[in-house]
Amino acid sequence: DAGVIQSPRHEVTEMGQEVTLRCKPISGHNSLFWYRQTMMRGLELLIYFNNNVPIDDSGMPEDRFSAKMPNASFSTLKIQPSEPRDSAVYFCASSRAGGQGSREQYFGPGTRLTVT
Amino acid sequence: GEDVEQSLFLSVREGDSSVINCTYTDSSSTYLYWYKQEPGAGLQLLTYIFSNMDMKQDQRLTVLLNKKDKHLSLRIADTQTGDSAIYFCAERLPGGYNKLIFGAGTRLAVHP
């Protein structure tokens, strides 16, 4: 399996622009997680889905952030409008939920977002 | 509440053993994990331990779990320069969604 795929790997944009980050989870995984990592705040869970349904979005910082999962193989995280403080590395992770077993999360390589 | 704590930095000499410690608060955690993050990369699962175990060994890695004290440790034997990275401890909460609570990460620096 190719693992979790994220695109783009790097994004540089100007303040006020819309940014869309994309994630393809591992085939067969039914839970998907979006994280943000910064030096100041470390790794933060933004939102997670189970069977394409958002379960908990309490980590989403503001209404400027939104996430969707239209099907089992694709999710987006959108920031509109973007601000310099949104600069961070955004990770997507997936896992197989339910049943027995370790059910670890597998992380993508991340998208490094820079907002100028 | 849910919280995972780790020391932020550890420096060791090449060839020595490294021990990274972690404490967690939720006694109902089912699995505990160690992830490794190298510069510019995502988090990579290193190992995990089920909550009814107290030790797990995997080559140079040894995980110790003290469930009474809610303390988890990762020992890396014969530490190499390639082990330099950030190590995250995480606990999996009960429930069906596999939500993990991560610590802040311990930066391991290996010097000659």
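Whatever comes next refers back to the structure up there.
This one's a predicted model, so the numbers in the text were calculated from it and none came from an experiment.

Asker: Looking at this structure, how should I read the overall build of chain A?
Answerer: Along chain A, the regular secondary structure elements total zero helices and 11 strands. For 116 residues, the compact-globule estimate of 2.2 N^0.38 gives 13 Å, and the C-alpha radius of gyration of chain A, at 14 Å, lies within 12% of that figure. Seen along its three principal axes, the alpha-carbon backbone of chain A occupies a region of about 45 × 30 × 25 Å. For chain A, restricting intrachain contacts to residue pairs at least 6 apart in sequence, the fraction spanning at least 24 positions comes to 55%. In chain A, 12 side chains carry a positive charge and 12 a negative one; their mean positions are 5 Å apart.

Asker: Explain the interface of chain A and chain B to me, please; I cannot follow it from the model alone.
Answerer: Reports often express the size of an interface as the amount of accessible area lost when the parts come together. The partner chain B presents 18 residues to the 24 residues of chain A that form the contact. In this assembly, chain A packs against chain B so that about 1,700 Å² is buried in total across both faces, 56% of it on carbon and sulfur atoms. In this structure, the connection of chain A to chain B is made through one salt bridge. Linking Lys-99 of chain B and Asp-56 of chain A is a salt bridge whose minimum nitrogen-to-oxygen distance equals 4.0 Å. On inspection of chain A and its partner chain B, the count reaches seven residue pairs in polar contact (both at pLDDT 80 or more).

Asker: Please explain unusual backbone geometry as it appears in this structure.
Answerer: A negative phi holds for most residues other than glycine; trans holds for most peptide bonds. Cis peptide bonds are those with omega within 30 degrees of zero, and the linkage from Ser-7 of chain A to Pro-8 of chain A qualifies with -10 degrees. With respect to the helices, strands and loops of the structure, Pro-8 of chain A is situated in the loop between strand 1 (5–7) and strand 2 (10–13). That bond from Gln-80 of chain A to Pro-81 of chain A is cis: its omega, -5 degrees, falls within 30 degrees of zero. Residue position: Pro-81 of chain A is located in the loop between strand 8 (74–79) and strand 9 (88–95). Positioned with a positive phi, Asn-51 of chain A is a non-glycine residue whose angle comes to about 50 degrees. As for its position among the elements, Asn-51 of chain A is in the loop between strand 5 (42–50) and strand 6 (53–56). For Gln-59 of chain B, which is not a glycine, the phi torsion comes out positive at approximately 55 degrees. Turning to its location among the elements, Gln-59 of chain B is positioned in the loop between strand 6 (55–58) and strand 7 (61–66).

What counts, and at which threshold
Residues numbered from 1 in each chain as written. Chains lettered and ligands numbered in written order. Predicted model: local features only at pLDDT ≥ 70, side-chain atom pairs only at ≥ 80, totals over all residues. Heavy atoms only, no water. Helix = DSSP H or I, 4+ residues; strand = E, 2+ residues; numbered from the N terminus. Rg over C-alpha atoms; globule rule 2.2 N^0.38 Å. Contact = heavy atoms within 4.5 Å. Lys, Arg positive; Asp, Glu negative; His and termini not counted. Charge placed at Lys NZ, Arg CZ, Asp CG, Glu CD. Buried area = accessible area lost by both parts, 1.4 Å probe. Salt bridge = Lys/Arg side-chain N within 4 Å of Asp/Glu carboxyl O. Polar contact = N/O pair within 3.5 Å; in protein donor to acceptor, adjacent residues only side chain to side chain.

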